[in-house]
Every structure is written in C-alpha cells, then in structure tokens.
Amino acid sequence: WVYLYLLHSVVLPDMNVVKEIARINALELEKGLCNTPGSWHAQYASSPWIFAGNLPDSLTEGDVICIFSQYGEIDDMHLVRDGATGKSKGFGFLKYEDARSCVLAVDNLCGLEVLGRTLRVDHVLEYKLPKDVQEKLKAE
C-alpha cells in the first residue's frame, strides 16, 4: 500500500489522476480494504476538504454545490476565479461538514462527466484559505 500512496501523491495530469483513483479503488475493493485503516482514504480522515477540477467554466457556485451536496452537507466552498475577469478557472475547493463525505464524493464524482468535461475530484490534506479571504477575516 506504500506503493499506492506514492503513486497517489505524485502530481499527475487530470485524466491520469482520474484513472489512478479508479484503479486504486478497484484494488481496494478486491483486497477488502474499504473503510479500514489500510484504505488509501484513511490518511485524509481528518480533512473535510476536497479538490474539484476540470469543472465547466459555465458552472456557478450554486451549480457546484448542487452536484457535490449529493454526498454530504457542504460547509464552505471556494471556486477559483480570474482576478481580472471574474471568470471561473475551472477548479475549486469544497469543505464538507463531515470529513467522511469526502470519501463518497471522491469515489463517486471523480471521473463523472458534466457538460462534456470529466471531473477530477480528490482529497486535500491541508487546505489554506486564499490570501484575500484570510485578510478579510482578519479585518472583521
């Protein structure tokens, strides 16, 4: 399983990550490691954040929440936008109320096709709020 962890921690292009997550999940099912400490998801058990990539540019925050709330209550979200145009950059970060929802979202939404785009959904071990949000919170 160390091999699987190393493969997962390597930065791969979006479709390779989608395929790798599917492969690791299939292997986990085969070995009976789902919901055990041996699962690759276990290292993310304390993090309620996920990465959502390859999102169609036309999706709003509300659209993304509708898609991802199928697997749990969304507590926070940051859809990354271009500073000059305000246009979505096609990725964002979502925080679930319960970190266990992340496993469901990663397993069920990674590889899903939405408006012709294949979503990349993955765990985030440590998420830091964007600097502008951090500054806004400090000012309050």
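Check the entry above for the structure.
Calculation rules
- Residues numbered from 1 in each chain as written.
- Predicted model: local features only at pLDDT ≥ 70, side-chain atom pairs only at ≥ 80, totals over all residues.
- Heavy atoms only, no water.
- Core = buried A, V, L, I, M, F, W, Y, C linked by side-chain atoms within 4.5 Å.
- Buried < 20%, exposed > 50% of the residue type's maximum accessible area, 1.4 Å probe, protein only.
- Helix = DSSP H or I, 4+ residues; strand = E, 2+ residues; numbered from the N terminus.
- Contact = heavy atoms within 4.5 Å.
- Salt bridge = Lys/Arg side-chain N within 4 Å of Asp/Glu carboxyl O.
- Pairing = 2+ DSSP bridges.
- Phe/Tyr/Trp six-rings, centres within 6.5 Å; stacked < 30°, edge-to-face > 60°.
- Axes fitted to C-alpha atoms, helices over the stretch in contact; angles between N-to-C directions.
- Arc of directions from axis to C-beta.

### Observations regarding the nonpolar core
Thought 1: One finds Ile50, Leu55, Val64, Phe68, Leu94, Tyr96 and Val121 to be the most contacted residues of the largest nonpolar core, which totals 26 residues.
Thought 2: Counting only elements with at least two residues in this core, the list comes to α2 (14-31), β1 (49-53), α3 (61-68), β2 (74-81), β3 (88-96) and α4 (100-109).
Thought 3: Contacts of Leu55, omitting those with residues within four sequence positions, involve Val64, Phe68, Leu79, Gly90, Phe91, Gly92, Arg117 and Leu119.
Thought 4: Within the second largest apolar cluster, six residues are counted, among which are Trp49, Phe93, Val124 and Tyr127.

### What about the environment of Leu125?
Thought 1: Within the element layout of this structure, Leu125 appears in the loop between β6 (120-123) and α5 (131-139).
Thought 2: Its relative accessible area of 48% is what places Leu125 among the partly exposed residues.
Thought 3: If near-sequence neighbours (up to four positions away) are discounted, Leu125 is found in contact with Gln43, Tyr44 and Ser47.

### Overview of the pattern of salt bridges
Thought 1: What the rule picks out here adds up to six salt bridges.
Thought 2: Where Glu20 meets Arg23, a salt bridge forms, and the shortest distance between an N and an O atom there is 2.8 Å. Of this pair, Glu20 and Arg23 both sit in helix α2, three residues apart, which is roughly one turn of that helix.
Thought 3: With a closest N to O distance of 3.9 Å, Asp122 and Arg120 form a salt bridge. When sorted by exposure, Asp122 lands in the same class as Arg120, which is buried.

### Side note on the pairing of β2
Each regular strand displays side chains that alternate between the two surfaces of the sheet.
Thought 1: Both β2 and β3 contribute to a ladder of six bridges, which runs antiparallel. Pairing of Arg81 across the sheet is with Ser88, part of β3.
Thought 2: The antiparallel hairpin formed by β2 and β3 contains six residues in its connecting segment, where Gly86 sits at a positive phi of about 80°.

### Examining the packing of aromatic side chains
Thought 1: Following the criterion strictly, the structure yields six aromatic pairs and no others.
Thought 2: Taken together, a centroid distance of 4.9 Å and an interplanar angle of 40° make the contact between Phe93 and Tyr127 tilted. Taken together, the residues span a long stretch of sequence, with Phe93 in strand β3 and Tyr127 in the loop between β6 and α5 at a distance of 34 residues. Of the two residues, Phe93 and Tyr127, both sit in the buried class.
Thought 3: One aromatic cluster in this structure is built from Trp49, Phe51, Phe91, Phe93 and Tyr127.

### What about the sheet that holds β3?
Thought 1: Overall, antiparallel pairing links the four strands, which are arranged β2-β3-β1-β6 in an open sheet. Two strands lie at the open edges of the sheet, namely β2 and β6, each paired on one side alone. Going from strand to strand, the sheet's axes swing by 20° on average, the running direction of each strand aside.
Thought 2: Looking at chain direction, β1 and β3 are connected through five bridges and run antiparallel. By the bridge assignment for β3, Phe51 is matched with Phe93.
Thought 3: Docked against the sheet, α3 engages β1, β2, β3 and β6, running at close to 135° with respect to β2.
Thought 4: Here α4 sits on the sheet in contact with β1, β3 and β6, set at roughly 150° to β6.

### Description of α3
Thought 1: Along α3, the positions that sit buried rather than exposed are Val64, Ile67 and Phe68. Burial along α3 is one-sided: seen end-on, the buried residues are contained in an arc of 85°.

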